Amino acid sequence: MKTIAYQYRFYPNKEQVILLAQTFGCVRFAYNSALAFSKEQYELGNKTNYNDWSKNLTLLKKNPDYAWLKDVSSVPLQQALKHLDKGFKSFFKSGFGYPKFKNKHARQSAHYMSNAFKWDAGTKSLTLAKMKQPLKIKWSRSFTGTPSSLSISRNKAGHYFVSILVKEEVESLPFTSKTIGVDVGVSNLAVCSDGKIFNNPRITKKYAKKLAKAQRQLAKKKKGSNNFKKKKRVIAKVHQKIANARKDFTHKMTKTLINENQVISVESLRVKNMVKNRKLAKHIHDANFGEILRQLEYKAAWYGRKVSAISQWFPSSKLCSCCGTMYEGKWSLAIRNWSCACGASHDRDQNAAINIHKEGLIDMLA
Ligand SMILES: [Zn+2]
């Protein structure tokens, strides 16, 4: 059984918009007050956790000044505290990502466990706690399992989404003897050892003009005015379009790679090192390396495929894929084509993909 997240857009009615706004507000309040409390206590030398915050919340609800907390389902509030707890745990483990206060202008979200919503598979209706009517969801794809939890979100552009976690059986794909190496590069999104190229659609470029125009207009508006807010929403919508297009493209690419190949060799990521290089940072952001690897890995696990992530230090670009000789001379990112003393001439990315392919298979056998 695999846990799969299905995301859908939905269109709340007036009543639901109000209740959701209240819910997001209460979630933010519960989270932020717990964070403030734990900071305060930490400075006094006390460590607090979920249990303390949860007790505080129960006390607050009894206080008539905070009675509005009872207007919304208690589940998302408890879940917000659980997320804070998780956030602190991961911060103490890694030293990164100290929990931040939730901002009312950012994306809003609320998490519901199965006791806080009703799901009717027959009529495909999903009703949240405290709501009279089911959500009007655009069912863009179907699922067969039973939802175990879900999260509701509203993005900066004012669109609503529900992400439903479902436990489902996924059937493995039939075995294929084809294997492939993929070079996730800068100039193209991905070049494969068999010659296939997944072109980076340069999504940002496509929307850059629109974005620049909206930003110029925003600069002329008075901060906080209605027109200012309007332009802000336009900008958020463009950002959303870019994100959607990128996500869609990446999903299609990883699905194709998984469908066609038994083993997919890729370089492991060195995002941390590369992001230090400013020039490359934007491209990396575009190419979305981490997301590609993440998708390949989970889809491989679902469909019975293998991902072989080779060492980030393997010199995939400057090794001749014909004779195994290393490129002599100074190597740079500007070199797109090169010839080896053995007579082979290489396209940088294609050569890298072939080397990654071989190395990935060797790694798997080792
Ligand atoms: Zn050679």
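Quick caveat, the model's predicted, so the values are computed rather than measured.

K.L.:
I'd love a proper account of the overall build of the protein chain, names of residues and values included.
P.N.:
Helix and strand counts for the protein chain come out as nine helices and 13 strands. Overall, the C-alpha framework of the protein chain stretches about 85 × 55 × 45 Å when taken along its three principal axes. Within the protein chain, the proportion of its 366 residues that are buried is 26%. If you take every contact in the protein chain between residues at least 6 apart in sequence, the share linking residues at least 24 apart comes to 68%.

K.L.:
Residues and numbers for the sheet that holds strand E11 (residues 306-310), please.
P.N.:
Sheet architecture is open: five strands sit in the order E9-E8-E7-E10-E11, paired in mixed fashion. Across the chains shown, the open sheet's two edge strands, defined by having one partner strand only, are strand E9 (197-198) and E11. In this structure, strand E7 (residues 179-183) lies alongside strand E8 (residues 190-192), joined through two bridges in antiparallel fashion. Opposite Asp183, over in E8, you have Val191 as the bridge partner. Its contacts with the sheet put helix H8 (residues 289-303) on strand E10 (263-267) and E11, and the angle it makes with E11 is roughly 145 degrees.

K.L.:
Please give an account of the environment of Thr123 that cites residues and values.
P.N.:
Here Thr123 shows up in the loop between strand E3 (117-120) and strand E4 (125-128). Classification of Thr123 by C-beta neighbours within 10 Å gives exposed; the count is 8. Thr123 sits 121 residues away from Lys2 along the chain, and the two C-alpha atoms are 24 Å apart.

K.L.:
Could you give an account of the nonpolar core, naming the residues involved and the relevant values?
P.N.:
The biggest cluster of nonpolar side chains holds 29 residues, and the ones touching the most others in it are Val27 and Ala30. Breaking this core down by element, the ones donating at least two residues are helix H1 (14-43), helix H2 (50-62), helix H3 (74-94), strand E2 (108-113), E4, strand E5 (147-154) and strand E6 (160-168). Per-element tally for this core: the top contributor is H1, with nine residues. Dropping the residues within four chain positions of it, Val27 is found in contact with Pro76, Leu77, Ala80 and Ala110. Val182, Val191, Phe198 and Ile258 belong to the second largest nonpolar core, which has 23 residues in total.

K.L.:
Describe the pairing of E2, with residues and values.
P.N.:
Of all the six residues making up E2, five are buried; the element is thus mostly covered by neighbouring parts of the structure. The pairing of E2 with E5 spans six bridges and is antiparallel. Its bridge partner being in E5, His111 is matched across the sheet by Ser151.

Definitions and limits used
- Within any chain, residue numbers begin from 1 and follow the written order of that chain's sequence.
- Side-chain atom pairs in this predicted model are given and counted only at pLDDT of 80 or more, local residue features only at pLDDT of at least 70, and totals for whole chains, interfaces and linings cover all residues.
- Counting from the N terminus, the helices are the DSSP runs of H or I reaching at least four residues and the strands are the DSSP runs of E reaching at least two.
- Working definition of burial: number of other C-beta atoms within 10 Å of the residue's own, with buried at 20 or more, exposed at 12 or fewer, and partly exposed in between, all C-beta atoms being placed from the backbone.
- We call two residues in contact if the C-beta atoms placed from their backbones are at most 7 Å apart.
- Strand pairing is assigned whenever DSSP detects at least two bridges linking the two strands.
- To obtain each axis, a line is fitted to C-alpha atoms, and for helices this fit is confined to the stretch in contact; angles are then taken between N-to-C directions over 0 to 180 degrees.
- In this description, a nonpolar core means buried residues of the types Ala, Val, Leu, Ile, Met, Phe, Trp, Tyr and Cys, linked to one another by C-beta atoms lying within 7 Å.

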